[in-house]
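# Summary of the model geometry
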Amino acid sequence: MKKEISIIGVPLDLGQTRRGVDMGPSAIRYAQLHERIENLSYSVEDLGDILVDRTLVKEDHTEHNLKNLKSVKDTCEKLAVEVDEVIKSNRMPLVLGGDHSIAIGTLAGVSKHYNNLGLIWFDAHGDLNTAETSPSGNIHGMSLAVSLGHGHDLLTKIGGYFPKVKPENVIIIGARDLDEGERAIIKELGIKVYTMHEVDKLGMTKVMEETIDHLKDCDGVHLSLDLDGLDPIHVPGVGTPVSGGITYREGHLAMEMLSEADIITSIEFVEVNPILDEKNKTAIVAVALIGSLLGEKLL
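Keep in mind that what you see is a predicted model, and the values were worked out from it rather than measured.

### Some words on the nonpolar core
The nonpolar side chains of a soluble globular protein tend to be buried with one another. Counting 51 residues, the largest nonpolar core has I37, F122, I173, L223, M255, L258 and F269 as the members making the most contacts within it. In terms of residue count, the dominant contributor to this core is helix α11 (residues 281-293) (seven residues). Those residues in contact with F122, other than ones at most four positions away along the chain, are I173, M208, L223, S224, L225, D226, I246, A254 and M255.

### Digging into the environment of E38
Structurally, the position occupied by E38 is in helix α2 (residues 33-38). Residue classification places E38 among the partly exposed residues on the basis of a relative accessible area of 42%. Each C-alpha atom of the pair E38 and I5 lies 9.7 Å from the other, and the pair is 33 residues apart in sequence.

### Section: the UniProt feature "binding site: Mn(2+)" (unreviewed entry) in the protein chain
Under the UniProt annotation, "binding site: Mn(2+)" (unreviewed entry) lies at H100, D123, H125, D127, D226 and D228. Across 129 residues in sequence, these annotated residues keep their C-alpha atoms within 12.2 Å of one another, forming a single compact spot. Taken from the residues named earlier, the lining of the largest pocket is made up of H100, D123, H125, D127, D226 and D228. You can see D228 is positioned in the loop between β7 (220-226) and α10 (248-261). At 3.2 Å, the side chain of D228 and the backbone nitrogen of A124 are in polar contact.

### Let's talk about the pairing of strand β5 (residues 170-175)
With six of six residues buried, β5 is to be regarded as a mostly interior element. Sheet topology note: the strand β4 (residues 117-122)/β5 ladder contains four bridges and is parallel. Within β5, the position partnered with L119 by the bridge is V170. Here four bridges tie β5 to strand β6 (residues 192-195), and the two strands are oriented parallel to one another. When the sheet's bridge partners are listed, A175 is paired in β6 with T195. With helix α7 (residues 180-189) bridging β5 and its parallel neighbour β6, the resulting β-α-β unit is right-handed.

### A few points about the packing of helix α9 (residues 204-214) against α10
Contact geometry for α9 and α10: axes closest at 10 Å, N-to-C directions at 35°. Regarding α9 and α10, the two cross each other, and that crossing is right-handed. Note on element contacts: α10 touches α9 through E250, L253, A254, M257, L258 and A261, opposite M204, T205, M208, E209 and I212.

Definitions and limits used
Residues numbered from 1 in each chain as written. Predicted model: local features only at pLDDT ≥ 70, side-chain atom pairs only at ≥ 80, totals over all residues. Heavy atoms only, no water. Core = buried A, V, L, I, M, F, W, Y, C linked by side-chain atoms within 4.5 Å. Buried < 20%, exposed > 50% of the residue type's maximum accessible area, 1.4 Å probe, protein only. Helix = DSSP H or I, 4+ residues; strand = E, 2+ residues; numbered from the N terminus. Contact = heavy atoms within 4.5 Å. UniProt positions renumbered as here; feature names shortened; annotations may be inferred. 1 Å grid on protein atoms, 1.4 Å probe; cavity = no way out; pocket = protein on both sides within 12 Å on 5 of 7 lines; lining within 4 Å. Polar contact = N/O pair within 3.5 Å; in protein donor to acceptor, adjacent residues only side chain to side chain. Pairing = 2+ DSSP bridges. Right-handed = clockwise from strand over helix to strand, strands pointing away. Axes fitted to C-alpha atoms, helices over the stretch in contact; angles between N-to-C directions. Left-handed = near helix turned anticlockwise from the far one by under 90°.

The structure is reproduced here in structure tokens:
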């Protein structure tokens, strides 16, 4: 991995309806993210937070079952520009959320720099809904679909191009709560998914070996990690917890194997909600996982 990292916070909580996840970037920083990375001999710069224009919310009525569409679009456009600039400066972006709708902006900034981008999506959910299939209208449950080119034009065309990633280059790990429309698009597009059934049956080592092998021909790999991919016993501060998830040690093993494979070129950690947390436990886990991903070892 590149030894120069730029941290970007995105305090966006408008891609869903539970307030508090906008404080996620601050919570992760408070859990000593900067110090943890510097101790691994990385050069770290913190670019601060993307400005979320909350005045748009007043005029942002639900459109086509898309809550806060203008606000999410505006924030993701700003994020795409910031991520693009970081990569142009030959640094690796580390994006902190915020809800998972921010992945729309992150991938818009990342994908233009690669001809064949791979995407690892750690999440309890597929985030593959569209306005037509979503039971809630929450855009954080649509971010992967948007990045694949499915959804409202205001979102899919951020960055001026689409799709951001090919379905054959997407791997979802840890899924255990999929809506009917998401199951349909997974089958239609042939997206590779390791549900918790596969994680339990194969073991995380095999899952990660297959994932790394599957993406070996990609010229870059983005990791998008939603903390609710882990079991809520380890990360209570998430907005949509689902029991029976990835364990703390499985999460670290996955990050350690990605570090050893040296394939990750951009990173985002999302859905840390301090209001729902216990003594910043979820942010602390996020920072520990980032440490493992960046090469931290016990010996």
